[in-house]
Amino acid sequence: MTVSPVRTVPEASADEAARLAAVRRYRILDTPPDGAFDRIAALAARLFDAPMATVSIVDTDRVWFKAVHGLQGVTEIDRGPGLCASAILRGEPYVVPDAGADAGAFADPLVRGEPGVRFYAAAPITTADGQRLGTVDVLDTRPRRPTEDQLQALQDLAALVMDELELRLSAMRTVAAERERRAEAERLARALQRTLLPPALPEVPGLHAAAAYHTASPDEVGGDFYDLFPLNDGRWAFFLGDVCGKGADAAALTSLTRYTLRAAAIYDPDPCAALANLDAVLKGEYQGSDPRYCTAVFGVLRPLPDGSHAITLAGGGHPSALAVRGDGSVEPISTMGGQLVGMLPDPQFVRTSTRLRPGESLLLYTDGLTEARTAGGTMLGEDGLTRRLTATAPRTAHELLDSVEGLLRQLGDGVSDDTALLALSVPPPPTPRIQENR
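Numbering of residues begins from 1 in every chain and follows the order in which that chain's sequence is written. The predicted nature of this model means local features are confined to residues of pLDDT at least 70 and side-chain atom pairs, given and counted, to a pLDDT of 80 or more, with totals for whole chains, interfaces and linings taken over all residues. To obtain the side-chain values, all non-hydrogen atoms of the structure were included, while hydrogens and water were left out.

## Details of the overall build of the protein
Secondary structure summary: the protein contains 11 helices and 17 strands in total. When its C-alpha atoms are laid out on the principal axes, the protein stretches across 110 × 75 × 45 Å. Residue exposure (1.4 Å probe, protein chains only): buried if accessible area is under 20% of the type maximum, exposed if over 50%, otherwise partly exposed. The buried share among the 438 residues of the protein stands at 48%. Here, residues are in contact when the closest pair of their heavy atoms is within 4.5 Å. In the protein, the proportion of contacts linking residues at least 24 apart, taken out of those at least 6 apart, comes to 67%. For every accessible area listed, the method is Shrake-Rupley and the probe measures 1.4 Å; residues are considered covered only by the protein chains on display. Total accessible area computed for the protein in this model is approximately 21000 Å², and 52% of it derives from carbon and sulfur atoms. Under the DSSP-based scheme used, a helix requires at least four consecutive residues in state H or I and a strand at least two consecutive residues in state E, with every element numbered from the N terminus.

Dropping the structure here:
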């Protein structure tokens, strides 16, 4: 219940503006009931052997009760001449022994109406810079006089309210600062992540390409990478992989890996040679420290006269690429047996070849996809991904990417690691137009 006669707003002043700014600073108005403040109100009533007590905050045009003991259903009253509005004007306890004989107090709705308050004592809730937010009040329906010990205890309770408000303000500021820090970390992570990936894939004659990166943690820089770029002889190179770790160290390793593979391909475009070159660079760069390694698949594609593309792949510890054939079947292009890059003394990398014909596509992905958990708790795996692609039968790189991204959305929280995707497709030949006989 709100006791609301005609509101009488106090005249504005610089001091009142500063006080109201302090009230707003603590963000206490209109918050739900709280056990800590309820206990303070109950304790105040017990100390005075009084039936009613409140913890009150004085707003612009109302007195709002954060805690109420013995005043059933009252949540706020008008801020007019009366008890609480008068109490905050003083820096010491304010006492009205008999409100019925006090002209100023009798204007208060709690005095002239129900419950018919006669005794009132209040101690101001005062900030460190002297702003009085409200009061801890004790009320009774019979006139009386408090003892000095009771008034001192009331001041102590008001100080406890202020301590609680300070603790909560500090906690709110800590949470806000943490949110701001996380937002800034996410912004920096996204910016750094963008520098580790090509801003856009180039246009490849006779080929469609699409790529995507899905991060599992927006405030961390992941270690997945991909690229597609031309070689000097009409061929194109592409790669996709995943470095160990997260954060700044992973970002440095990703940058080194990506630019090493680009340089290695220009020097020697053989896929196994490119991975071997990267292996040597990683071992040299991180010699004497914790080993830094990655998985990767590196490919070279060469256009053929019939419109298809010959593809040579080499893998180092990476999941198999998947080819979606013209008849809708899904074929693993396995480089299994290839070993981690940068980890072993003499790693072996596995080379394989395939052909991508018109209407066919190829998917490269990192293990964040196949290690995602389904609703049943099992890993998706290559078999689950194969079933998805068989069911959706994508024909182009963009359809292939859409199918996998839809799967990631379905998996939701089951995806716990970053996922990079690179899709390549050869457009189907145009359907010949049938000339009508005239």
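So much for the structure itself; the text now carries on.
## Quick look at the packing of aromatic side chains
For Phe, Tyr and Trp, rings pair up if their centres lie within 6.5 Å, where Trp contributes its six-membered ring, and each pair is then called stacked (planes under 30 degrees apart), edge-to-face (over 60) or tilted (otherwise). Taken as a whole, this structure holds 5 aromatic pairs when the rule is applied. Measuring from ring centre to ring centre gives 6.1 Å for Tyr-94 and Tyr-120, while their planes differ by 65°; the resulting arrangement is edge-to-face. Residue Tyr-94 is located in strand S5 (residues 94-96), and its partner Tyr-120 is located in strand S6 (residues 119-126); the two are separated by 26 residues in the primary sequence. You can call Tyr-120 buried: its relative accessible area is 0%. A centroid spacing of 6.0 Å and a plane angle of 65° characterise the contact between Phe-229 and Phe-239, whose relative ring orientation is edge-to-face. Here the residue Phe-229 occupies a position in strand S9 (residues 224-230), and Phe-239 occupies one in strand S10 (residues 236-243), the gap between them amounting to 10 residues. Assigned by exposure class, Phe-229 and Phe-239 land together as buried. Ring pairs connect the aromatic residues Phe-225, Phe-229, Phe-239 and Phe-298, which therefore count as one cluster. Over the face of the ring belonging to Phe-119 we find Arg-144, whose NZ or CZ atom lies 5.1 Å from the ring centre. Geometrically, a charge over a ring is one whose NZ (Lys) or CZ (Arg) sits within 6 Å of the ring centre while staying within 35 degrees of the ring normal.

## Some remarks on the pairing of S6
The buried fraction of S6 amounts to 7 of the 8 residues, a majority that puts the element mostly inside the structure. Where S5 meets S6, 3 bridges bridge the pair, whose relative direction is antiparallel. Residue Val-96 lies in a different strand from S6, and its bridge partner there is Tyr-120. DSSP-based pairing: two strands are paired if at least 2 bridges between them are found. Between S6 and strand S7 (residues 132-140), which pair antiparallel in sequence order, lie 5 residues; one of them, Gly-130, sits at a positive phi of approximately 85°.

## Digging into the pattern of salt bridges
Think of a salt bridge as a Lys or Arg side-chain nitrogen and an Asp or Glu carboxyl oxygen that are within 4 Å of each other. Under the counting rule described, the total for this entry stands at 20 salt bridges. Two residues, Arg-25 and Asp-129, come together in a salt bridge whose shortest N-O distance is 3.9 Å. Note that Arg-25 is positioned in helix H1 (residues 14-26) and Asp-129 in the loop between S6 and S7, a separation of 104 residues in sequence. The residue Arg-235 makes a salt bridge to Asp-233 at a minimum N-O spacing of 2.8 Å. A residue is classified by how much of its surface remains accessible, and Arg-235, at 23% relative accessible area, is partly exposed. Through salt bridges with shared partners, a single network forms among Arg-24, Asp-30, Asp-59, Arg-62 and Glu-76.

## Remarks on the environment of Thr-254
Take Thr-254: it is sitting in helix H7 (residues 247-267). For Thr-254, a relative accessible area of 0% puts it in the buried group. Distance from Thr-254 to Gly-241, taken between C-alpha atoms, is 9.1 Å for residues 13 residues apart in sequence.

## Focus on the sheet that holds strand S16 (residues 361-365)
Sheet architecture is open: 5 strands sit in the order S8-S17-S16-S13-S14, paired in antiparallel fashion. The open sheet has two free edges, formed respectively by strand S8 (208-214) and strand S14 (330-333), since each of these has just one partner strand. The average angle at which neighbouring strand axes cross in this sheet is 20°, direction not considered. Here S16 pairs with strand S17 (residues 419-425) via 5 bridges, running antiparallel. Within S17, the residue paired with Leu-362 across the bridge is Leu-424. Working convention: axes come from line fits to C-alpha atoms, limited for helices to the stretch in contact. Angles between N-to-C directions cover 0 to 180 degrees. Lying over the sheet, helix H10 (residues 381-392) contacts strand S13 (321-324), S14 and S16, oriented at roughly 20° with respect to S13. Relative to the sheet, helix H11 (residues 397-411) contacts S8, S13, S16 and S17, its axis offset from that of S8 by approximately 20°.

## Observations concerning the nonpolar core
In this structure, Val-55, Ile-125, Val-136 and Leu-165 are the most contacted members of the largest nonpolar core, which totals 32 residues. Within the residue set of this core, elements represented by two or more residues are H1, helix H2 (35-48), strand S2 (52-58), strand S3 (62-69), S6, S7 and helix H6 (148-195). No other element matches H6, which puts 8 residues into this core. Apart from the residues lying within four places of it in its own chain, the contact partners of Leu-165 are Tyr-26, Ile-28, Phe-37, Ile-125 and Leu-133. The set of buried Ala, Val, Leu, Ile, Met, Phe, Trp, Tyr and Cys residues whose side-chain atoms join them within 4.5 Å is what this entry labels a nonpolar core. Core analysis: the second largest hydrophobic core is formed by 25 residues, Leu-261, Leu-282, Val-300 and Ala-314 among them.

## Brief notes about the sheet that holds S10
What the 5 strands build is an open sheet, ordered S9-S10-S11-S12-S15; its pairing is antiparallel. One side of each edge strand has no neighbouring strand; the edge strands of this open sheet are S9 and strand S15 (350-356). On average, each strand axis in the sheet is tilted by 15° relative to the strand beside it, whichever way the strands run. Both S9 and S10 contribute to a ladder of 7 bridges, which runs antiparallel. Looking at S10, one finds that Phe-225 is bridged to Gly-241.

## So, H1
Over its 13 residues, H1 runs 19 Å from end to end, which matches the ideal 18 Å to within 8%, given 1.5 Å per residue. Within H1, burial applies to Glu-16, Arg-19, Leu-20, Ala-22, Val-23 and Tyr-26. Considered in projection along H1, the buried side chains sweep an arc of 150° and stay on one side of the axis. Of the residues one or two after H1, Arg-27 is the one with positive phi, at around 50°. What a helix should span is 1.5 Å times the count of its residues minus one. In this context, the arc is that of the directions from the helix axis out to the C-beta atoms.

## Concerning the packing of H7 against helix H8 (residues 271-285)
Between H7 and H8, whose axes approach to 9 Å, the crossing angle comes to 140°. One way to sum up the angle between H7 and H8 is to call them oblique. In the crossing of H7 with H8, the sense of the turn from one axis to the other is right-handed. Note on element contacts: H8 touches H7 through Ala-274, Leu-275, Asn-277, Leu-278, Val-281, Leu-282 and Glu-285, opposite Leu-253, Leu-256, Thr-257, Thr-260, Leu-261 and Ala-264. Roughly parallel means an angle under 35 degrees; roughly antiparallel means over 145; roughly perpendicular covers 65 to 115; every other angle is labelled oblique. By definition, turning the near helix anticlockwise from the far helix through less than a right angle yields a left-handed crossing, and turning it clockwise yields a right-handed one.

The values reported here are purely geometric and, on their own, carry no functional implication.
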